[in-house]
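Observations on the model geometry
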Amino acid sequence: MRILGIETSCDETAAAVVATTGDAAKPWTMLSNVVASQNDIHREFGGVVPEIASRQHVRDICGVVEAALANASLDLGGLDAIAVTRGPGLVGSLLVGVSFAKALSAARGLPVAGVHHLAGHIESIFLEHGAIELPAVVLVVSGGHTSLYFLPRPGEYELIGRTRDDAAGEAFDKVAKLVGLGYPGGPAIDRAAKNGNDQAVKFTTPRMTHPDRNDPKATLAAEFSFSGLKTAVVRHLEKRDEGATLTEQEKADFAASFQRTVVETLLKNTFAVAEAYGAKSIGIAGGVSANSRLRADAEAQGRAAGIPVYIPRLALSTDNAAMIAAAGLRMLERGAPSADFHAAADLPIS
Ligand code: KG4
Ligand code: ZN
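Residues numbered from 1 in each chain as written. Chains lettered and ligands numbered in written order. Predicted model: local features only at pLDDT ≥ 70, side-chain atom pairs only at ≥ 80, totals over all residues. Heavy atoms only, no water.

Remarks on the overall build of the protein chain
Filter applied, for reference: Helix and strand definitions here come from DSSP, where helices need a minimum of 4 consecutive H or I residues and strands a minimum of 2 consecutive E residues; each element is numbered from the N-terminal end. Based on C-alpha atoms, the radius of gyration is set beside the globule rule, defined as 2.2 Å times the residue count to the power 0.38. The buried label applies to any residue whose accessible area, calculated with a 1.4 Å probe on protein chains only, is under 20% of its type's maximum; exposed applies above 50%, and partly exposed to all values in between. We call two residues in contact when some of their heavy atoms are within 4.5 Å. Residue-level accessible areas treat just the shown protein chains as cover; the underlying method is Shrake-Rupley with a 1.4 Å probe. Charge counting treats Lys and Arg as positive and Asp and Glu as negative, with His and both chain ends excluded. Taken as the charge location is NZ of Lys, CZ of Arg, CG of Asp or CD of Glu.
Helix and strand counts for the protein chain stand at 11 helices and 10 strands. Scaling as 2.2 N^0.38, a compact globule of 350 residues should have a C-alpha radius of gyration of about 20 Å, and the protein chain matches this with 20 Å. With respect to the principal axes defined by its C-alpha atoms, the protein chain has extents near 65 × 50 × 35 Å. For the protein chain, the residues scored as buried account for 54% of the 350 residues in total. Sequence-distant contacts, at least 24 apart, represent 74% of the contacts inside the protein chain between residues at least 6 apart. Of the roughly 15000 Å² of accessible surface on the protein chain, 51% is carried by carbon and sulfur atoms. Computing the positive centroid from 33 side-chain charges and the negative centroid from 39, the protein chain places the two 3 Å apart.

In structure tokens, the structure reads:
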């Protein structure tokens, strides 16, 4: 089975082909993975402009799908199914992918699966590493989401907790802007932090508890909050002489300290939840899982705690269509998906 994945939920137009292998330990293989990034277009605005993003998707989608097919040495006749992100995301952007996928499905008589974007991020772990030990706890950490899921069986995603305010990626982006490190913020902070002192600025982090204190897992810090950290950065910057710009070293110190705080918070909660839920493995996915410190610290903590940690390669961490194709294969595995779906800006995972 060969499936074409399409992803247009934000500012990346992406298409990929993933095939089944018949090997239970490594059931999927990626034949191509094409991403047209709009970073250069949105940079001058300091963030994604939704209307511009949708229009750019319309310009790029045909070429990106053609490239994904060509890189997989296939034509349309070689496809067995289509998967497309149906939400959550920017609705105008989602509409481009969903309309394209449905039109192709109708024209070629192919089944089409409407995929939840976060299911895609979760399945990127299985696409990369095959059948990991279950049950697992998976941290999805991206520009729009910071959520912990419990996975009892393949394709079953139970939400344990999420951020109460900003997503971690959003905090990276906002702090990079405040400090003057450029766009997109996550990779800029990651780069700058390499030359900085991660103890230079001390940020306090809030302790989160479960709202239901009668729950046996109530003391767990399963939820996140990053808006306070952003405010702390603003306060630190305000304390400086008015008008004074940060030196490169100060920027690097800020980046390293902020990154350390975010990574410590993410991993503390994830490992605590994994232990409480008896998870046999931990997965980390989403754009922020591209962060070099998060990757290194997660793997080191996993080794120390004796629990395997699975993170996809960088190209599968940030938004891509191979993960959407993989999630589509998961849906097909679990029964024929309905073609009766629409683009949805807000969408629960199941
Ligand atoms: O998953 P993703 O590509 O798109 C969404 O679904 O949101 O995640 C994008 C987010 C952005 O906030 C970006 O700044 C962040 O991932 N990001 C990073 C890194 N690379 C991307 N954050 C920290 N370090 C990185 N190396
Ligand atoms: Zn994403």
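Once you've had a look at it, read on.
Observations concerning the environment of Phe-341
For Phe-341, the location among the structural elements is in the segment after helix H11 (322-333). Distance from Phe-341 to Asp-80, taken between C-alpha atoms, is 19 Å for residues 261 residues apart in sequence.

Examining the pattern of salt bridges
Rules: We define a salt bridge as a contact between a side-chain nitrogen of Lys or Arg and a carboxyl oxygen of Asp or Glu at a distance within 4 Å.
A complete count under the given rule lists 17 salt bridges for this structure. In this structure, the salt-bridge partner of Glu-248 is Lys-251, at a minimum N-O distance of 3.6 Å. Here Glu-248 pairs with Lys-251, and both are found in helix H8 (residues 248-276), just three residues apart, close to one helical turn. Given a relative accessible area of 59%, Glu-248 falls into the exposed group.

Section: the site of ligand 1
Heads up, the condition is: For this purpose, a residue is taken to be near a molecule or strand whenever a single non-hydrogen atom of the residue falls within 4 Å of it. Contacts described as polar in this section are N or O atom pairs within 3.5 Å, which, within protein, must combine one atom able to donate a hydrogen with one able to accept it, while residues neighboring in sequence count only if both atoms come from side chains. Any residue outside Ala, Val, Leu, Ile, Met, Phe, Trp, Tyr, Cys, Pro, Asp, Glu, Lys and Arg is labelled polar, Gly included; the first ten of those are nonpolar and the last four are charged.
Neighbouring ligand 1 are 18 residues; Gly-143, Asp-173, Asp-190, Gly-287 and Asp-319 lie closest to it. At 3.0 Å from an oxygen atom of ligand 1 is found a main-chain nitrogen or oxygen belonging to Gly-287. Between ligand 1 and Asp-319 there is a distance of 2.9 Å, counted from an oxygen atom to a backbone nitrogen or oxygen. Considering ligand 1 on its own, with 550 Å² of exposed area, one finds that the protein chains cover 87% of that surface. Broken down by secondary-structure element, the contributors of at least two residues to the shell around ligand 1 are helix H4 (117-129), helix H5 (168-179) and helix H6 (185-193). Tallied by class, residues from the shell around ligand 1 come to four nonpolar, 11 polar and three charged.

Thoughts on the nonpolar core
Counted only if it meets this: Each nonpolar core is a collection of buried residues, namely Ala, Val, Leu, Ile, Met, Phe, Trp, Tyr and Cys, held together in the definition by side-chain atoms within 4.5 Å.
Judged by nonpolar contacts, the single largest core of 47 residues is most densely connected at Phe-258, Leu-266 and Ile-284. Among the elements of the structure, strand S6 (136-141), strand S7 (146-151), H5, H6, helix H7 (227-238), H8, strand S9 (281-285) and helix H9 (292-305) are those that each provide at least two residues to this core. The leading source of residues in this core is H8, at 11 residues. Each residue touching Phe-258, except ones within four places of it in the same chain, is listed here: Ala-171, Phe-172, Val-175, Ile-189, Phe-203, Leu-229 and Val-233.

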